[in-house]
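As a plain string of letters, each chain reads:
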Amino acid sequence: MKTTDFKKLIKEAVREVIQEELKNILLEALKSPKQIVKESYSPPSTPTQPAYTPPSIDFRSKYAEVLGETALSFTSQDAQPSFRPHGDPVNGNLGSGELGMDQIMNLLNTK
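If you're wondering where the values come from, they're calculated on a predicted model, not measured in any experiment.

Participant: Pulling in residues and values, what's your account of the overall build of the protein chain?
Facilitator: When its secondary structure is counted, the protein chain shows 3 helices and 0 strands. Here the protein chain holds 111 residues, and the buried ones make up 2% of them. Per element, the accessible surface of the protein chain, about 11,400 Å² overall, is 59% carbon and sulfur.

Participant: Before we move on, could you go through a nonpolar patch on the surface and cite the residues and values that matter?
Facilitator: Taken together, M1, F6, L9, I10, V14, I18, L22 and I25 make up a surface patch of nonpolar side chains, about 830 Å² in accessible area. On the basis of relative accessible area, M1 is assigned to the exposed category, the value being 79%.

Participant: Explain a positive patch on the surface to me, using residue names and the numbers behind them.
Facilitator: Together, K7, K8, K11 and R15 make up a region of like positive charge exposed at the surface. Its location among the elements puts R15 in helix α1 (residues 3-31).

How each quantity is defined
Residues numbered from 1 in each chain as written. Predicted model: local features only at pLDDT ≥ 70, side-chain atom pairs only at ≥ 80, totals over all residues. Heavy atoms only, no water. Helix = DSSP H or I, 4+ residues; strand = E, 2+ residues; numbered from the N terminus. Buried < 20%, exposed > 50% of the residue type's maximum accessible area, 1.4 Å probe, protein only. Areas by Shrake-Rupley, 256 points an atom, 1.4 Å probe, with all protein chains shown as cover. Patch = residues over 30% accessible without salt bridge, like charges linked within 9 Å, V, L, I, M, F, W, Y side chains within 5 Å. Salt bridge = Lys/Arg side-chain N within 4 Å of Asp/Glu carboxyl O. Lys, Arg positive; Asp, Glu negative; His and termini not counted. Charge placed at Lys NZ, Arg CZ, Asp CG, Glu CD.

And the structure:
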């Protein structure tokens, strides 16, 4: 027996088995007792949100107190005049420049 004949024989047997199974499933579905399912839909009720009550703590004043303790306001007057960048600062090239540790310490010690 050639392999092609053997393949045809297997395909035909598998097709017959599948058809028989489908027929059994359909017959079982037809013979089973029917149950009527009654579905009902009720839209969900919208939950009511409680009215907004502002907090009793004044957060703005508390935040301002915290910032007042830690906020530093540096201006160009605080910088040492020896730092002048060379290059093209508009395009992101500041060139080479040096900033001494004493300049950094002077900035920190002004406040």
